[in-house]
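Architecture and fold: a report
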Amino acid sequence: MNTAVPLSPEERFVEELKPPVPASLLFLDIVAGGVLCVFLFAGLSFEDVSALQAVMGVLTTVPHMARRIAPRSVVALTLAGGLGLLLSGVAPGDISGALLASGLLAFYTLVRQLGRRATWHLGGSVVVLFLAGGWLTGAGATNPFVLLGAALIGAMTLLANLHLSHTEIEEIRTDSLETFGEWAAMAERARIAREMHDIVAHSVSMIAVQAETAPYTLENLDDRTKQEFSEIAASARTTLTEMRRLLGVLRADIPSTPEVAPQPGLSRLPELLDRHDGEVDLDLVGERVPVPQAVDVSAYRIVQEALTNARVHAPGARVSIEITHRPAMLVLRIADDGPGPAGSTSDGHGLVGMRERALALGGWFKAGPGPAGGFLIQAGLPLE
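Rules used in this analysis
- Residues numbered from 1 in each chain as written.
- Predicted model: local features only at pLDDT ≥ 70, side-chain atom pairs only at ≥ 80, totals over all residues.
- Heavy atoms only, no water.
- Buried < 20%, exposed > 50% of the residue type's maximum accessible area, 1.4 Å probe, protein only.
- Helix = DSSP H or I, 4+ residues; strand = E, 2+ residues; numbered from the N terminus.
- Right-handed = clockwise from strand over helix to strand, strands pointing away.
- Pairing = 2+ DSSP bridges.
- Contact = heavy atoms within 4.5 Å.
- Phe/Tyr/Trp six-rings, centres within 6.5 Å; stacked < 30°, edge-to-face > 60°.
- Lys NZ or Arg CZ within 6 Å of the ring centre and 35° of its normal.
- Axes fitted to C-alpha atoms, helices over the stretch in contact; angles between N-to-C directions.
- Salt bridge = Lys/Arg side-chain N within 4 Å of Asp/Glu carboxyl O.
- Left-handed = near helix turned anticlockwise from the far one by under 90°.
- Nonpolar A, V, L, I, M, F, W, Y, C, P; charged D, E, K, R; others polar.
- Arc of directions from axis to C-beta.
- Lys, Arg positive; Asp, Glu negative; His and termini not counted.
- Polar contact = N/O pair within 3.5 Å; in protein donor to acceptor, adjacent residues only side chain to side chain.
- Core = buried A, V, L, I, M, F, W, Y, C linked by side-chain atoms within 4.5 Å.

**Overview of the pairing of strand β2 (residues 319-325)**
The element β2 is largely enclosed, with a buried count of five among its seven residues. Where the polypeptide runs from strand β1 (residues 280-285) across helix α10 (residues 293-313) and back to β2, its parallel neighbour, the crossover connection is left-handed. What sits between the antiparallel neighbours β2 and strand β3 (residues 329-336) is a turn of three residues.

**Structural notes on the pairing of strand β5 (residues 375-382)**
Counting buried residues in β5 gives seven out of eight residues, a clear majority hidden from the surface. Relative to β5, β3 runs antiparallel, the two being bridged by eight bridges. Bridging across to β5, arginine 333 finds its partner in glutamine 378. Where strand β4 (residues 364-369) meets β5, six bridges bridge the pair, whose relative direction is antiparallel. Each residue of the ladder has a partner; that of proline 369, found in β5, is phenylalanine 375. Hairpin geometry of β4 and β5 is characterised by an intervening segment of five residues between the two adjacent antiparallel strands and by a positive phi of about 100° at glycine 373.

**What to know about the environment of glutamate 305**
Relative to the assigned elements, glutamate 305 resides in helix α10. Between the alpha carbons of glutamate 305 and glycine 353 there is a distance of 8.5 Å; along the sequence they are 48 residues apart. What glutamate 305 contacts, discounting residues up to four positions off in sequence, is Gly350 and Met354.

**Quick word on the packing of aromatic side chains**
Taken as a whole, this structure holds zero aromatic pairs when the rule is applied. One Lys or Arg, lysine 366, reaches over the ring of tryptophan 364 and ends 5.8 Å from the middle of that ring.

**A few points about the sheet that holds β1**
Taken together, five strands build an open sheet; the order of strands is β1-β2-β3-β5-β4 and the sheet is mixed. In the strand order of this sheet, the two ends are held by β1 and β4, each with one partner. Looking at each pair of strands side by side, their axes are set apart by 10° on average, direction ignored. Across the face of the sheet, α10 comes into contact with β1, β2, β3 and β5 while running at roughly 10° to β3.

**With respect to the pattern of salt bridges**
Throughout the structure, instances matching the rule amount to seven salt bridges. Aspartate 29 is the salt-bridge partner of arginine 68, the closest N and O atoms lying 2.8 Å from each other. Taken together, the residues span a long stretch of sequence, with arginine 68 in the loop between α3 (51-61) and α4 (71-87) and aspartate 29 in helix α2 (residues 23-42) at a distance of 39 residues. For aspartate 29, a relative accessible area of 2% puts it in the buried group.

**Overview of the packing of α2 against α3**
Contact geometry for α2 and α3: axes closest at 8 Å, N-to-C directions at 145°. Crossing hand, α2 versus α3: right-handed. Contacts between α2 and α3 pair Gly33, Leu36, Cys37, Leu40 and Phe41 from the former with Ala54, Gly57, Val58, Thr60 and Thr61 from the latter. Grouping the constituent residues of the contact of α2 with α3 by class yields six nonpolar, four polar and no charged.

**Some details on α3**
Along α3, the residues that are buried comprise Gln53, Met56, Gly57, Thr60 and Thr61. In a view along the axis of α3, the buried residues occupy a sector of 120°, so they form one face of it. Away from its buried face by more than 90 degrees, α3 exposes Ala51 and Leu52.

**A word on the packing of α3 against α4**
Running from amino to carboxyl end, α3 crosses α4 at an angle of 145°, the nearest separation of the two axes being 7 Å. Handedness of the crossing formed by α3 with α4: left-handed. Counted together, Gln53, Met56, Gly57, Leu59 and Thr60 of α3 and Leu77, Thr78, Ala80, Gly81, Gly82, Gly84 and Leu85 of α4 form the full contact between these two elements. Class assignment of the residues belonging to the contact of α3 with α4 gives a composition of five nonpolar, seven polar and no charged.

**Side note on the side chain of aspartate 336**
For aspartate 336, the location among the structural elements is in strand β3. Despite its burial, aspartate 336 pairs with no opposite charge; the closest candidate is arginine 333, at 11 Å N-O. In this structure the side chain of aspartate 336 is engaged in a polar contact, spanning 2.9 Å, whose partner is the backbone nitrogen of glycine 338. Ignoring anything within four residues of it in the chain, the contact list for aspartate 336 reads Ala310, Ala314, Ala317, Arg318, Val319, Gly373, Gly374 and Phe375.

**Considering the nonpolar core**
Within the largest apolar cluster, 28 residues are counted, with the highest numbers of intra-cluster contacts made by Val303, Ile321, Leu330, Leu332, Ile334 and Ile377. Elements with a minimum of two residues in this core: α9 (269-275), α10, β2, β3, α11 (349-360) and β5. Setting aside residues up to four positions removed in sequence, isoleucine 377 forms contacts with Ala306, Leu332, Arg333, Ile334, Leu351, Met354, Phe365, Lys366 and Ala367. Core analysis: the next-biggest nonpolar cluster, separate from the first, contains nine residues, Cys37, Leu40, Leu85 and Leu99 among them.

Written out as structure tokens, the structure reads:
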């Protein structure tokens, strides 16, 4: 579930500065309004045009420049301007093309704001009214101009519905990706919780067992020392119970079959690389020392997921893996020579799991385009 985070004053200021529509579309609307204005007045004789008719002509066309910013106001103004022109005595034949173009654009602007059913109802009604208007004015319902107008209105209705369908598909796709991303993140958290349970629970259990058996294996212990060992054992058992309860909460949202196989580590990297479909170079830097089991498992999983990403997004690319053993940190560097990321790298489902693994251990994680192309993943896992 996504939690809405209120914007800071600086973020709100930046949001308010953003234009309501892309500059390219706004420029297109300005051009369309200007062309319609020129087209309309080109059919009029300037000597005979009154000031009122000039104002009505401007109202019929120029508001289209802002149709994406204030669509309903634009529709009202253009319709009022068109009716004003016709009522002011302008011969319809002189400006029929400009009026039709302006009316179609106003109609399309209006139906873009409506739902699917309302769009079809309005489109059908306007087609019927257009044909009826041609018959009532004497032009006839089969007049080429009337038929052309009716056909164009139908086309605008269909175009508006196609745009609405495209918008709905994009919304569904976005929601599906967000849902899948959340599910993938929860699944990875559940796997991390399972692996932490296998690692930490074993260690805590050993503490409890050793504390309980110490009074029987060590000689000459006084009562106070035996009591201390008993309290250590009890604390370990309590910690183990609480940890299992908390990890159970983390895994509750993901119904899955628990894994019973031993958790893999860096010692199984050769087996993992052999299964990869492509060339892989492995370079181990620094003196190899035993690492904590949690780090061992997480490092293996990060390399495993990085190879999966390379296989899916850069098939056939050469992968270079560098594992550096430092005194207090294990550093991973996985790079490929593929085409690199095609878009944002912040919301990849595999990257989410890798990042959470590193951060869960108090480490760091970076992913993005490599300095020489391809894709680069880097992670640091603390050893203490």
